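Below are the chains, spelled out letter by letter.
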Amino acid sequence: AAGVGQQWVLVEMVQAFYEAPAYHLILEGILILWIIRLLFSKTYKLQERSDLTLKEKEELIEEWQPEPLVPPVPKDHPALNYNIVSGPPTHIITVNGKECINFASFNFLGLLNNEKVKSAAQASLKKYGVGTCGPRGFYGTFDVHLELEDRLAKFMRTEEAIIYSYGFATIASAIPAYSKRGDIVFVDEAACFAIQKGLQASRSNIKLFKHNDMADLERLLKEQETEDQKNPRKARVTRRFIVVEGLYMNTGDICPLPELIKLKYKYKVRIFLEESLSFGVLGEHGRGITEHFGINIDDIDLISANMENSLASIGGFCCGRSFIIDHQRLSGQGYCFSASLPPLLAAAAIEALNIMEDNPDIFQTLRAKCERIHKALQGISGLKVVGESFSPALHLQLEESCGSRENDVKLLKRVVDYCMNSGIALTQARYLEKEEKCLPPPSIRVVITVEQTEQELDKAASLLKEAAQSVLN
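Residues numbered from 1 in each chain as written. Predicted model: local features only at pLDDT ≥ 70, side-chain atom pairs only at ≥ 80, totals over all residues. Heavy atoms only, no water.

The chain has the name Serine palmitoyltransferase 1 in an unreviewed UniProt entry, where Chaetorhynchus papuensis is given as its organism. Its UniProt record, at the heading Sequence similarities (unreviewed entry), says of the chain: "Belongs to the class-II pyridoxal-phosphate-dependent aminotransferase family." Annotation of the chain in UniProt includes, under Cofactor (unreviewed entry), the sentence "pyridoxal 5'-phosphate". (UniProt positions renumbered as here; feature names shortened; annotations may be inferred.)

Given below as structure tokens:
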């Protein structure tokens, strides 16, 4: 009877084994293997530490050489050798004690030294003082800030605007306010460094498309659409953005916005438009690329621009629908944590907007001068013009490289120095070479403003041809 009982117990155990859930058996198996490992593993004693003598410690300290905190930088690096400006960087600029015609500063509309703008800033300085000493949420919001935001929104014909105290931080804060880890951003490979930093902060999945190549962008969008069909649950919670510039800082090219709008609605993505170079430049009234192409501004989800070019102030702004802009007041890091824009600069920007609205012909004047010098710079031996004919910031690149980027930079610097010695102030485009996603070729940047006369534009073009002939040939 005892034997029969033992057999019955064994049968019950086997039956229970077959009926048990798979995860239960796997867990028990892992526990059994872990117990066996603990039973048969060897134990080791810690080696006794041998204390060093004082002499041995001193010898080791003397031998140790720490790695440099930063890589060595040559003393002739451009960042360590400043061109020192005396006085306002207006139409005529004094650089290193020498008076030159300014073709380097982004003072497109010539408002930097405008008497009305300066008077508005001085009146604000007397009323509010110099700075704000607090972010917008902590006693850093002044009535002049709210007025500027209202004026920008009305000027751009959007529901609302938000201002930042630093131009670079505007788009760099706006992108990570909306795009998070797991979201997808399609971005032009020629995007400026501020956009790149915003993308990096967002930790999103970045997909670069060839510069202004809508076929390449659509290829990426189709690939993503195929991926979304494989995992529709993930696709429903993944946001998709296209980030472009109106006029590209690194190339002077205009983005094909009408084609981008078609792709936006076809593939259901959002568009962020950076207009630091095109705001106050393109369009009949200077409203930027949307006015230039006659596109409804509501087709753009977010527009950002700095106020450091056409408005000749400091800071930046974003504009769009109210629910989009309000989100930045809670999530835009540059807005939430930086001291707000000094009131005197906000007042200066308001007065600059007044001048833009009262003098719409200024944009046609700027465009005509851009086209004049663009045409005059054609055919320079050894150099090629990069950028649209109506772009106020053009690039001159070498037609053929010298073999290394370092040599190309040095050669272009000689051209810049030649012009500087003859009274024309130019600058080379500068980049953080190790951090750029797609490093642009070395170039000389030529900036056009409404203050430059036709004779001065012709002189600059003639001098550049002379410099190229002397240095390159």
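Peer 1: Can you walk me through the sheet that holds strand S10 (residues 316-320) in this structure?
Peer 2: In a beta sheet, neighbouring strands are held together by backbone hydrogen bonds and run either parallel or antiparallel to one another. Read across the sheet, seven strands follow the order S4-S10-S9-S8-S7-S5-S6 without closing on themselves; strand pairing throughout is mixed. Sheet topology places strand S4 (160-164) and strand S6 (205-209) at the edges, where each strand pairs with a single neighbour. When strand polarity is set aside, the average angle formed by the axes of neighbouring strands in this sheet is 20 degrees. Direction of pairing for strand S5 (residues 184-188) relative to strand S7 (residues 240-245): parallel, over a ladder of four bridges. (Pairing = 2+ DSSP bridges. Helix = DSSP H or I, 4+ residues; strand = E, 2+ residues; numbered from the N terminus. Axes fitted to C-alpha atoms, helices over the stretch in contact; angles between N-to-C directions.)

Peer 1: Please clarify how a nonpolar patch on the surface should be interpreted in this entry.
Peer 2: On the surface, a cluster of nonpolar side chains totalling about 690 Å² of accessible area is made up of Ile32, Leu33, Ile35, Ile36, Leu39 and Phe40. Tracing the sequence through the fold places leucine 33 in helix H2 (residues 22-40). (Patch = residues over 30% accessible without salt bridge, like charges linked within 9 Å, V, L, I, M, F, W, Y side chains within 5 Å. Areas by Shrake-Rupley, 256 points an atom, 1.4 Å probe, with all protein chains shown as cover. Salt bridge = Lys/Arg side-chain N within 4 Å of Asp/Glu carboxyl O.)

Peer 1: I would appreciate a short explanation of unusual backbone geometry in the present structure.
Peer 2: Negative phi values dominate among residues other than glycine, just as trans dominates among peptide bonds. Here the phi dihedral of cysteine 133 falls at roughly 60 degrees; this positive angle occurs in a residue that is not glycine. On the accessibility criterion, cysteine 133 (82% relative accessible area) is exposed. With a phi angle near 55 degrees, lysine 268 is a residue other than glycine that sits in the positive phi range. Inspection of the secondary structure puts lysine 268 in the loop between helix H10 (257-267) and strand S8 (270-274). (Buried < 20%, exposed > 50% of the residue type's maximum accessible area, 1.4 Å probe, protein only.)

Peer 1: For this particular structure, what's the right way to read the side chain of aspartate 183?
Peer 2: Looking at the element boundaries, aspartate 183 is found in the loop between helix H6 (167-178) and S5. The class for aspartate 183 is buried, based on a relative accessible area of 3%. A distance of 2.8 Å separates the side chain of aspartate 183 from the backbone nitrogen of lysine 180, its partner in a polar contact. Each residue touching aspartate 183, except ones within four places of it in the same chain, is listed here: Tyr178, Ser204, Asn205, Val237, Thr238, Arg239 and Phe241. (Polar contact = N/O pair within 3.5 Å; in protein donor to acceptor, adjacent residues only side chain to side chain. Contact = heavy atoms within 4.5 Å.)

Peer 1: Could you clarify how one ought to interpret helix H5 (residues 143-156) in this entry?
Peer 2: Because an α-helix packs 3.6 residues into every turn, residues spaced three or four apart end up facing the same way. Look at H5: 20 Å from first C-alpha to last across 14 residues, which is about the 20 Å you get at 1.5 Å a residue. Listing the buried residues of H5 in full gives Val144, His145, Leu148, Glu149, Arg151, Leu152, Ala153, Phe155 and Met156. Arginine 157, located one to two residues past H5, shows a positive phi value of around 60 degrees. (Expected span 1.5 Å × (residues − 1).)

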